[in-house]
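Results of the structural survey
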Amino acid sequence: MGLIVAGVFLVLALFVALGSIKIVPQGREFTVEQFGRYTRTLKPGISFLTPFVEGIGRKINMMEQVLDVPRQDVITKDNVSVQVDAIVFIQVMDAAAAAYRVTNLDFAITQLTMTNLRTVVGNMELDEVLSQRDQINSRLLEVIDEATSPWGVKVARIEIKDLQPPPDITNAMARQMKAERERRAVITEADGEKQAAITVAEGQKQSAILQAEGRREAAFRDAEARERAAAAEAKATELVSNAIAAGDVNAINYFVAQKYVEAFAKLAESPQQKTVIVPADMGSLVGSIAGIGELVKSINTDGPAPRAPSPPRGRAAPTAGT
């Protein structure tokens, strides 16, 4: 009988000893209550409790958690209804405050986020809501983090997950975007045509400038050539005048022969001329040219020059086909 009682007491002692040993896993913290009152918090690892006096109160997750904020309809400042949902990243920093200062921590944070989301979006117009998500996230984070601080919770970030305007607003936005892109395309095309026209005009301008410079250079060279020809003619005239003054008849024959050749050339070039005047004796023309040579020799030697034959007389001769 005594052995049975001893065995029972041994089993009870072993059970109580094992119940007083608590192992807390990493990423969690346990609160300890003594007769229903919070006394301390158990950190990750092994801990010992006083049998029949202390017990585990709440088991708190200390890792970062993600809360899904349900979709809700929100009226913007310009009276447009949009559907908004979000996600919240939180982490418990104080296990005792998270366990004993709020009944349902996740539900409380979710409801707080929904109400503040309606407040923030309701103070903005639709265009601002669609284009300023970062500003909405920042304002929500500031408000929610301050409100949940007494609960021992740190709100890491809040992200707007989806913003869905009504279908008619979506269609209007699509048409507006299409019109804007078409306008940009027209502007881009007009700018391209403008640049092309400017380039063509610049090319024509440069071409006209180069052509004008070419004509100016040609005119300058023509004038220079005429000037040199006139100078040569003046020099020849001076030489002939000096020869005439010295009593040389070949000088007069030179002028007559020159005019004779020029007149004959004009008659031959005329498109309306049916007949051509040719000398009756071609030897006379050769003699005139020889007289010119004698004139040049006489001028070079400063001596008397022989007399040149008189210019030949001409007769009319029919052209081919007359």
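The coordinates are above.
Residues numbered from 1 in each chain as written. Predicted model: local features only at pLDDT ≥ 70, side-chain atom pairs only at ≥ 80, totals over all residues. Heavy atoms only, no water.

Further remarks concern a negative patch on the surface. Taken together, the side chains of Asp 78, Glu 125, Asp 127 and Glu 128 present a region of like negative charge at the surface. Structurally, Asp 127 is set in helix H4 (residues 126–131). Taking the relative accessible area as the measure of exposure, Asp 127 reaches 58% and is therefore exposed. (Patch = residues over 30% accessible without salt bridge, like charges linked within 9 Å, V, L, I, M, F, W, Y side chains within 5 Å. Areas by Shrake-Rupley, 256 points an atom, 1.4 Å probe, with all protein chains shown as cover. Salt bridge = Lys/Arg side-chain N within 4 Å of Asp/Glu carboxyl O. Lys, Arg positive; Asp, Glu negative; His and termini not counted. Charge placed at Lys NZ, Arg CZ, Asp CG, Glu CD. Helix = DSSP H or I, 4+ residues; strand = E, 2+ residues; numbered from the N terminus. Buried < 20%, exposed > 50% of the residue type's maximum accessible area, 1.4 Å probe, protein only.)

What follows deals with the packing of aromatic side chains. Enumeration according to the criterion identifies one aromatic pair in this entry. Aromatic side chains Tyr 38 and Tyr 100 sit 5.5 Å apart centroid to centroid with 50° between the ring planes, which places their arrangement in the tilted category. Of this pair, Tyr 38 sits in strand E3 (residues 37–42) while Tyr 100 is found in helix H2 (residues 95–100), placing the two residues 62 residues apart along the sequence. The exposure class of Tyr 100 is partly exposed, given its relative accessible area of 34%. In this arrangement the basic side chain of Lys 59 is found over the ring face of Phe 30, its NZ or CZ atom lying 5.2 Å from the centre. Directly above the aromatic system of Phe 89 lies the positively charged group of Arg 157, at a separation of 4.1 Å from the ring centroid. (Phe/Tyr/Trp six-rings, centres within 6.5 Å; stacked < 30°, edge-to-face > 60°. Lys NZ or Arg CZ within 6 Å of the ring centre and 35° of its normal.)

The next thing to look at is the nonpolar core. Ranked by size, the top nonpolar core spans 36 residues in total, and within it Val 88, Leu 105, Ile 109, Ile 136 and Ile 160 carry the most contacts. Secondary-structure elements contributing two or more residues to this core are strand E6 (65–75), strand E7 (81–92), H2, helix H3 (105–122), H4, helix H5 (133–148) and strand E8 (153–164). For Ile 160, the residues in contact, after removing those within four places along its chain, are Val 84, Asp 85, Ala 86, Leu 117, Arg 133, Ile 136, Asn 137 and Leu 140. Among the nonpolar cores identified, the runner-up in size contains five residues, and Val 24, Phe 30, Val 32 and Leu 42 belong to it. (Core = buried A, V, L, I, M, F, W, Y, C linked by side-chain atoms within 4.5 Å. Contact = heavy atoms within 4.5 Å.)

Within the secondary structure, Leu 163 sits in strand E8. Residue class for Leu 163 comes out buried when judged on its relative accessible area of 9%. Along the chain, Leu 163 and Asp 85 lie 78 residues apart, while their C-alpha atoms are 7.2 Å from each other. With residues up to four places along the chain from it excluded, the contact list for Leu 163 reads Gln 83, Val 84, Val 129, Leu 130 and Arg 133.

This part takes up the sheet that holds E6. With antiparallel pairing, three strands are arranged side by side in an open sheet as E6-E7-E8. Edge positions in the sheet fall to E6 and E8, since each has one partner strand and no second. For this sheet the average axis-to-axis angle between neighbouring strands, irrespective of direction, equals 20°. With respect to the sheet, H3 is in contact with E6, E7 and E8, its orientation differing from that of E6 by roughly 35°. (Pairing = 2+ DSSP bridges. Axes fitted to C-alpha atoms, helices over the stretch in contact; angles between N-to-C directions.)

Here the focus is the sheet that holds strand E5 (residues 54–61). Reading across from one edge, E3-E2-E5 is the order of the three strands in this open sheet, with antiparallel pairing throughout. Only two strands of the sheet have a single neighbouring strand rather than two, namely E3 and E5. Taken pair by pair, the neighbouring strands of this sheet meet at an average axis angle of 30°, ignoring direction. Bridge analysis of strand E2 (residues 28–34) against E3 gives five bridges, and the strand direction is antiparallel. Bridging across to E3, Val 32 finds its partner in Arg 40.

This next bit is on the side chain of Glu 29. With respect to the helices and strands, Glu 29 occurs in strand E2. Within polar-contact distance, the side chain of Glu 29 engages the side chain of Lys 43 at 3.0 Å. When near neighbours in sequence (up to four residues on either side) are disregarded, Glu 29 contacts Val 24, Thr 41, Leu 42, Lys 43, Arg 58, Lys 59, Ile 60, Met 62 and Ala 95. (Polar contact = N/O pair within 3.5 Å; in protein donor to acceptor, adjacent residues only side chain to side chain.)

Viewed as axis vectors pointing N to C, H3 and H5 meet at an angle of 140°, and their least axial separation amounts to 10 Å. Between H3 and H5, the crossing angle belongs to the class labelled oblique. Relative to H5, H3 is oriented so that their crossing is right-handed. Contacts between H3 and H5 involve Ile 109, Leu 112, Thr 113, Asn 116, Leu 117, Val 120 and Val 121 on the former and, on the latter, Ile 136, Arg 139, Leu 140, Val 143, Ile 144, Ala 147 and Thr 148. Of the residues assigned to the contact of H3 with H5, the class counts are 10 nonpolar, three polar and one charged. (Parallel < 35°, antiparallel > 145°, perpendicular 65-115°, else oblique. Left-handed = near helix turned anticlockwise from the far one by under 90°. Nonpolar A, V, L, I, M, F, W, Y, C, P; charged D, E, K, R; others polar.)

Where side chains of opposite charge bring their charged atoms close, a pairing between them can arise. Per the counting criterion, the structure on display carries 11 salt bridges. Ionic pairing is found between Glu 29 and Lys 43, a salt bridge with its closest N-O pair at 3.0 Å. With Glu 29 in strand E2 and Lys 43 in the loop between E3 and strand E4 (45–48), this residue pair connects regions lying 14 residues apart in the sequence. Asp 162 is paired through a salt bridge with Arg 71; the nearest N and O atoms lie 3.1 Å apart. With Asp 162 in strand E8 and Arg 71 in strand E6, this residue pair connects regions lying 91 residues apart in the sequence.

In this section: the side chain of Thr 148. With respect to the helices, strands and loops of the structure, Thr 148 is situated in helix H5. Judged by its relative accessible area of 0%, Thr 148 is buried. Discounting residues that sit within four places of it in the chain, Thr 148 has contacts with Ile 109, Leu 112, Val 153 and Val 155.

Keep in mind that these numbers describe shape and distance, not what the molecule does.
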